[in-house]
Amino acid sequence: MISSYDIKRAYIKLYYELSQYLWDYNFVSLLVEFESCTLKRFPNMQQVRNTFNKLYAMAHDVIRDDEDLANAFNEFKATIENNDCEYACVIVNVAQ
């Protein structure tokens, strides 16, 4: 069981590593789609997994040469692999 916060944290690590490179338009377009489906309060995990797999396939050549990027992809994959987002952390400010 994972939360939307766990997915967001893994995404931010992955995005940091991806931002170290210049990508073509198709990759960036897919990354925007990936971010959109990943950072929802309750993401559709099937859609997240499908988009992640496409992104991984497009970045495969770079992943082979960059251990940090490979680790970020592997960590994200481990986060979403067999888990469904079952709860979300909600911050409530209560004024007294």
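The structure displayed is predicted, hence computed values, not measured ones. (Residues numbered from 1 in each chain as written. Predicted model: local features only at pLDDT ≥ 70, side-chain atom pairs only at ≥ 80, totals over all residues. Heavy atoms only, no water.)

## Quick look at the overall build of the protein
Link 1 in the chain: For the protein, the count of helices and strands is 5 helices and 2 strands.
Link 2 in the chain: Ordering the α and β elements of the protein from the N terminus gives β-α-α-α-α-α-β.
Link 3 in the chain: Counting the 96 residues in the protein, one finds 36% classified as buried.
Link 4 in the chain: Working note: accessible area of the protein is about 6,500 Å², and carbon and sulfur atoms make up 48% of it. (Helix = DSSP H or I, 4+ residues; strand = E, 2+ residues; numbered from the N terminus. Buried < 20%, exposed > 50% of the residue type's maximum accessible area, 1.4 Å probe, protein only. Areas by Shrake-Rupley, 256 points an atom, 1.4 Å probe, with all protein chains shown as cover.)

## A word on the packing of aromatic side chains
Link 1 in the chain: For the structure shown, the criterion picks out 10 aromatic pairs.
Link 2 in the chain: Their ring planes at 35 degrees and their centres at 6.0 Å tell us that Tyr 11 and Tyr 15 sit as a pair that is tilted. With a gap of 4 residues between them, Tyr 11 and Tyr 15 both fall in helix α1 (residues 4-18), about one helical turn apart.
Link 3 in the chain: The exposure class of Tyr 15 is partly exposed, given its relative accessible area of 38%.
Link 4 in the chain: Residues Phe 52 and Phe 73 carry aromatic rings whose centres are separated by 5.6 Å and whose planes lie at 45 degrees to one another, so their mutual orientation is tilted. A residue pair is termed long-range when its members are at least 10 positions apart, and Phe 52 in helix α3 (residues 45-58) and Phe 73 in helix α5 (residues 67-80) qualify at 21 residues. An identical accessibility class is assigned to Phe 52 and Phe 73; each is buried.
Link 5 in the chain: Site record: aromatic cluster; members linked through ring pairs are Tyr 11, Tyr 15, Phe 34, Phe 52, Tyr 56, Phe 73 and Phe 76. (Phe/Tyr/Trp six-rings, centres within 6.5 Å; stacked < 30°, edge-to-face > 60°.)

## Focus: the side chain of Thr 51
Link 1 in the chain: As for its position among the elements, Thr 51 is in helix α3.
Link 2 in the chain: Given the relative accessible area of 3%, Thr 51 is considered buried.
Link 3 in the chain: Beyond its immediate stretch of four places on either side in the chain, Thr 51 contacts Leu 30, Glu 33, Phe 34 and Cys 37. (Contact = heavy atoms within 4.5 Å.)

## Some details on the confidence of the model for the protein
Link 1 in the chain: On average, residues of the protein score 87 in pLDDT, and 83% of them reach the 70 mark or higher.
Link 2 in the chain: Within the protein, the lowest mean pLDDT, 52, falls on strand β2 (residues 85-87), and the highest, 95, falls on helix α2 (residues 25-38). (pLDDT = per-residue confidence, 0-100.)

## Looking at the nonpolar core
Link 1 in the chain: Membership of the largest hydrophobic core comes to 23 residues, with the highest contact counts inside it found for Leu 14, Leu 18, Phe 34, Phe 52, Leu 55, Phe 73 and Phe 76.
Link 2 in the chain: Mapped onto this core, the elements with two or more residues apiece are α1, α2, α3 and α5.
Link 3 in the chain: Counting residues per element, this core draws most heavily on α5, which supplies 6 residues.
Link 4 in the chain: Excluding residues that lie within four positions of it along the chain, Phe 76 makes contacts with Ile 7, Ala 10, Tyr 11, Leu 14, Phe 34, Thr 38, Val 48 and Phe 52. (Core = buried A, V, L, I, M, F, W, Y, C linked by side-chain atoms within 4.5 Å.)

## A few points about the packing of α1 against α5
Link 1 in the chain: Viewed as axis vectors pointing N to C, α1 and α5 meet at an angle of 160 degrees, and their least axial separation amounts to 9 Å. Of the possible angle classes, the one that applies to α1 and α5 is roughly antiparallel. Read as a crossing pair, α1 and α5 show a hand that is left-handed. Residue-level inspection shows Asp 6, Ile 7, Ala 10, Tyr 11, Lys 13, Leu 14, Glu 17 and Leu 18 of α1 in contact with α5, the latter providing Asp 68, Leu 69, Ala 72, Phe 73, Glu 75, Phe 76 and Thr 79.
Link 2 in the chain: Partitioned by chemical class, the residues of the contact of α1 with α5 number 9 nonpolar, 1 polar and 5 charged. (Axes fitted to C-alpha atoms, helices over the stretch in contact; angles between N-to-C directions. Parallel < 35°, antiparallel > 145°, perpendicular 65-115°, else oblique. Left-handed = near helix turned anticlockwise from the far one by under 90°. Nonpolar A, V, L, I, M, F, W, Y, C, P; charged D, E, K, R; others polar.)

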